[in-house]
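As a plain string of letters, each chain reads:
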Amino acid sequence: MITKHCLRFSFNLCPKQAKGVTGVRTKVAPMQLIHGDEVLTLKFDCKPCEMHIIGKMKGHILNLPQPGSVVGHISPEDLLKTIPRAPH
């Protein structure tokens, strides 16, 4: 997962936010978030302003259908119901 608002920004450690401030580095060690027995590793890529969140894949996520795969049959009538109608 990639997010545009990372913890470094929240803690005023973002090099783009703190131009001219000493002690703010663009190459930093990863951080970890720990919640119960779950550990998430946060890796920062400051140049494009990205924080990558890395963790163990959950079992229920692995059982979901792949994006773009066909899960079931949709009738043409039901498909037409999803198209917004212009007001008369």
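Residues numbered from 1 in each chain as written. Predicted model: local features only at pLDDT ≥ 70, side-chain atom pairs only at ≥ 80, totals over all residues. Heavy atoms only, no water.

Turning our attention to the overall build of the protein. Regarding its fold elements, the protein presents three helices and four strands. Residues counted as buried form 14% of the 88 residues belonging to the protein. Pairs at least 24 apart in sequence give 36% of the contacts found in the protein among residues at least 6 apart. Of the roughly 7,800 Å² of accessible surface on the protein, a fraction of 62% belongs to carbon and sulfur atoms. (Helix = DSSP H or I, 4+ residues; strand = E, 2+ residues; numbered from the N terminus. Buried < 20%, exposed > 50% of the residue type's maximum accessible area, 1.4 Å probe, protein only. Contact = heavy atoms within 4.5 Å. Areas by Shrake-Rupley, 256 points an atom, 1.4 Å probe, with all protein chains shown as cover.)

Where strand S2 (residues 31-35) meets strand S3 (residues 38-45), five bridges bridge the pair, whose relative direction is antiparallel. From the neighbouring strand, Leu33 faces S3, where its bridge partner is Leu40. In this antiparallel pair of consecutive strands, S2 and S3, the connection spans two residues, and Gly36 shows a positive phi of 65°. Of the strand pairs in this sheet, S3 and strand S4 (residues 50-54) are connected by five bridges, and their pairing is antiparallel. (Pairing = 2+ DSSP bridges.)

With that settled, the discussion passes to the pattern of salt bridges. Within the structure shown, the criterion is met by two salt bridges. The residue Glu38 makes a salt bridge to Lys58 at a minimum N-O spacing of 3.3 Å. Linking Glu38 in strand S3 with Lys58 in the loop between S4 and helix H2 (59-62), this pair joins segments that are 20 residues apart in sequence. Assessed through its relative accessible area of 27%, Glu38 is described here as partly exposed. Classification of Lys58 by relative accessible area gives partly exposed; the value is 38%. Ionic pairing is found between Asp78 and Lys81, a salt bridge with its closest N-O pair at 3.4 Å. (Salt bridge = Lys/Arg side-chain N within 4 Å of Asp/Glu carboxyl O.)

These figures capture arrangement, not role.
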